[in-house]
Amino acid sequence: MGFVSLTVWVFLMFVAIGIYTSLLALSKPKEKLYRGMIKLGLFLAVFDFIFESWGAWAGYWISKGSLLPLDVFRIPGFEGVPGEVFIIALCAGATYALLFPKKFDWRIALPANFLIACVGAGIEAILISSGLLVYTGGWTSGHAVAAYFVTFLLLNWVNSKYCAD
């Protein structure tokens, strides 16, 4: 498979890895921050994997076209959570720990998480138009924005409680 035939999933995974590694190189964090980055990255990746699997099982969406499908639950008609999404979430959680303060602050959390929620729903719109994601069972982009917003509020809280220096 050449670069031209890379799926949107793989492209997004490479973007996430590039953002994370670039910000890591530019910020030169202290060593003690790495543990929090690992914790938050793993938390988001596992949380998202469970949420994605639940949504597929509940009939809210179908993900297609992954080169790395993670189908541990063997849901009939479900290819599995794209492994690319697991890696994206891992990078996103680590990046969140790198960039956001360890003390929960509503003045930062509300606008930043709303921005993240809108970008996430926008990316899902690209995946839908590419045929790699299908909303079913009444799930809409409004639900996606709300789910991203709540997820990243939770991530902000976990960051402040369990990933602090």
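Here the structure is a predicted model, which means the values were calculated and not measured. (Residues numbered from 1 in each chain as written. Predicted model: local features only at pLDDT ≥ 70, side-chain atom pairs only at ≥ 80, totals over all residues. Heavy atoms only, no water.)

## Here's the deal with the state of the cysteines
The condition is simple: Sulfur atoms of two cysteines make up a disulfide when they are within 2.5 Å. Burial classification: accessible surface area is computed with a 1.4 Å probe over protein chains only, and a residue below 20% of its type maximum counts as buried, one above 50% as exposed, and the rest as partly exposed.
According to the stated counting rule, one finds zero disulfides in the structure shown. The cysteine cysteine 91 is free of any disulfide, with cysteine 163 supplying the nearest cysteine sulfur at 16 Å. Accessibility expressed as a relative area gives 10% for cysteine 91, which makes it buried.

## Some remarks on the side chain of serine 160
To be explicit about the condition: Every helix listed is a DSSP run of H or I at least four residues long, and every strand listed is a run of E at least two residues long, numbered separately from the N terminus. Throughout, a contact is declared for two residues whenever any of their heavy atoms are within 4.5 Å.
For serine 160, the position within the fold is in helix H5 (residues 141–162). Apart from the residues lying within four places of it in its own chain, the contact partners of serine 160 are Lys102, Lys103 and Phe104.

## Describing the environment of serine 130
The test is simple: Each polar contact in these results corresponds to two N or O atoms within 3.5 Å; when the atoms are within protein, one needs to be able to donate a hydrogen and the other to accept it, and residues that are neighboring in sequence are counted only if both atoms are side-chain atoms.
Tracing the chain through its elements places serine 130 in the loop between helix H4 (106–129) and strand S4 (133–135). Look at serine 130 and you get partly exposed, because its relative accessible area is 37%. A C-alpha to C-alpha distance of 10.0 Å links serine 130 and lysine 64, two positions 66 residues apart in sequence. Only 2.9 Å separates the side chain of serine 130 from the backbone oxygen of isoleucine 126, close enough to count as a polar contact.

## What to know about the packing of aromatic side chains
Just so we agree on the cut-off: Between 30 and 60 degrees the pair is tilted, below 30 it is stacked and above 60 it is edge-to-face, where a pair is any two Phe, Tyr or Trp rings, Trp via its six-membered ring, whose centres lie within 6.5 Å.
Enumeration over the complete set of coordinates arrives at twelve aromatic pairs. Between phenylalanine 51 and tryptophan 54 the ring centres are 5.7 Å apart and the planes differ by 35°, which places this aromatic pair in the tilted class. Separated by three residues within a single helix, phenylalanine 51 and tryptophan 54 lie in helix H2 (residues 31–57), roughly one turn from each other. Plain terms: the ring middles of tryptophan 61 and tryptophan 139 are 4.9 Å apart, the flat faces sit at 75° to each other, and that makes the pair edge-to-face. Here the residue tryptophan 61 occupies a position in strand S1 (residues 61–63), and tryptophan 139 occupies one in the loop between S4 and H5, the gap between them amounting to 78 residues. For the pair formed by tryptophan 61 and tryptophan 139, the shared burial category is buried. Taken together through their ring pairs, the aromatic side chains of Phe43, Phe47, Phe51, Trp54, Tyr60, Trp61 and Trp139 make up a single cluster.

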